[in-house]
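Coordinates in review
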Amino acid sequence: MAGMSSKRLQKELVKIQGTLPPGIALVSAENLREWQMDLSIPDNPIYPPTEKYRLRFLFSPSYPIEAPEVVFLASSNPERKIPIHPHIYTNGIICLDLLDTQGWSPVHNVESISISIQSMLAGNTKAERPPGDAEFVRSNRQRPRDINFLYHDPSV
């Protein structure tokens, strides 16, 4: 399975080192285990157009059969914040069915995931965190892919 994962990731890396949609940029892909991408969100007053948000992709040897683990990272140099959104916790964990076992399909890739998250942010109308954010961040010890989120709010 690891051979399939490596081949797939090498193909994806070649593609995203070329042209990506506006507002999506590859930051690093030093190996086939972890990649980082920056997103900017056009046309949404909640997110200043000059602000960038960093995504970290962690790939298991079972990728693309298994979804990558995707979270937002905060950093100070360069400054990257966790975007405020009703489906993004302050620790960077994203509640998105596409990243869950039930919603994942091997047809998705780093580019399509980045586009989906960028689109989710672009369409956001609520400058708020998920209900129970503070408690979740304080008590959660699970990897993002192991969390059983309840997907009940298709409006954001």
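Residues numbered from 1 in each chain as written. Predicted model: local features only at pLDDT ≥ 70, side-chain atom pairs only at ≥ 80, totals over all residues. Heavy atoms only, no water.

Under an unreviewed UniProt entry, the name given to the protein chain is UBC core domain-containing protein, and the organism recorded is Oleoguttula mirabilis.

We now examine the overall build of the protein chain. A count of helical and extended segments in the protein chain gives 3 helices and 6 strands. N-terminal to C-terminal, the α/β element order of the protein chain is α-β-β-β-β-β-β-α-α. Looking at the protein chain as a whole, 43% of its 156 residues qualify as buried. Across the protein chain, every contact between residues at least 6 apart in sequence was considered, and the portion connecting residues at least 24 apart equals 61%. With an accessible surface of roughly 8400 Å², the protein chain has 53% of that area assigned to carbon and sulfur atoms. (Helix = DSSP H or I, 4+ residues; strand = E, 2+ residues; numbered from the N terminus. Buried < 20%, exposed > 50% of the residue type's maximum accessible area, 1.4 Å probe, protein only. Contact = heavy atoms within 4.5 Å. Areas by Shrake-Rupley, 256 points an atom, 1.4 Å probe, with all protein chains shown as cover.)

Before going further, it helps to spend a moment on the environment of Ser-6. The topology assignment puts Ser-6 in helix H1 (residues 2-16). Each C-alpha atom, one on Ser-6 and one on Pro-61, is 7.9 Å from the other, the two residues being 55 residues apart in sequence.

Evaluated as defined, the whole model comprises 7 salt bridges. Notably, a salt bridge pairs Arg-56 with Glu-69, separated by 3.7 Å at the nearest N-O pair. On the criterion of sequence distance, the pair formed by Arg-56 in strand E3 (residues 53-58) and Glu-69 in strand E4 (residues 69-73) is long-range, its members being 13 residues apart. According to the relative accessible area criterion, Glu-69 is buried, its value standing at 8%. Connected through salt bridges with shared partners, the residues Asp-38, Arg-54 and Arg-80 form a single ionic network. (Salt bridge = Lys/Arg side-chain N within 4 Å of Asp/Glu carboxyl O.)

We now examine the pairing of E4. Most of E4 is tucked away, with 4 of its 5 residues classed as buried. Two elements, E3 and E4, share 5 bridges in a ladder whose sense is antiparallel. Across the sheet, Leu-55 pairs through a bridge with Phe-72, a residue of E4. (Pairing = 2+ DSSP bridges.)

Ordered by their spatial adjacency, 4 strands build an open sheet running E1-E2-E3-E4, and the pairing between neighbours is antiparallel. The open sheet has two free edges, formed respectively by strand E1 (24-28) and E4, since each of these has just one partner strand. The average angle at which neighbouring strand axes cross in this sheet is 30°, direction not considered. Examined bridge by bridge, strand E2 (residues 34-39) and E3 share 6 bridges and lie antiparallel to one another. In the sheet register, Leu-39 faces E3, and the bridge partner there is Tyr-53. Sheet strands in contact with helix H2 (residues 110-122) are E1, E2, E3 and E4, and its direction is about 35° off that of E2. (Axes fitted to C-alpha atoms, helices over the stretch in contact; angles between N-to-C directions.)

Here the focus is the nonpolar core. Among the nonpolar cores identified, the biggest contains 30 residues, and Leu-55, Phe-57, Phe-72, Ile-94 and Ile-117 are the most heavily contacted of them. No other element matches H2, which puts 5 residues into this core. Excluding residues that lie within four positions of it along the chain, Ile-117 makes contacts with Leu-39, Leu-55, Val-70, Phe-72, Ile-94 and Leu-96. Core analysis: the second largest hydrophobic core is formed by 5 residues, Val-71, Tyr-89, Cys-95 and Phe-136 among them. (Core = buried A, V, L, I, M, F, W, Y, C linked by side-chain atoms within 4.5 Å.)

Moving on, we get to the confidence of the model for the protein chain. On average, residues of the protein chain carry a pLDDT of 90, and 89% of them reach 70 or more. Element-level pLDDT for the protein chain is lowest in helix H3 (residues 133-139), with a mean of 87, against a maximum mean of 98 in E3. (pLDDT = per-residue confidence, 0-100.)

In this section: H2. End to end, H2 covers 18 Å across 13 residues, agreeing with the expected 18 Å (1.5 Å per residue, within 8%). Listed in full, the buried residues belonging to H2 are Val-110, Glu-111, Ile-113, Ser-114, Ile-117, Gln-118, Met-120 and Leu-121. The opening residue of H2, the one whose side-chain oxygen lies 3.0 Å from the backbone nitrogen of Glu-111, is Asn-109. (Expected span 1.5 Å × (residues − 1). Polar contact = N/O pair within 3.5 Å; in protein donor to acceptor, adjacent residues only side chain to side chain.)

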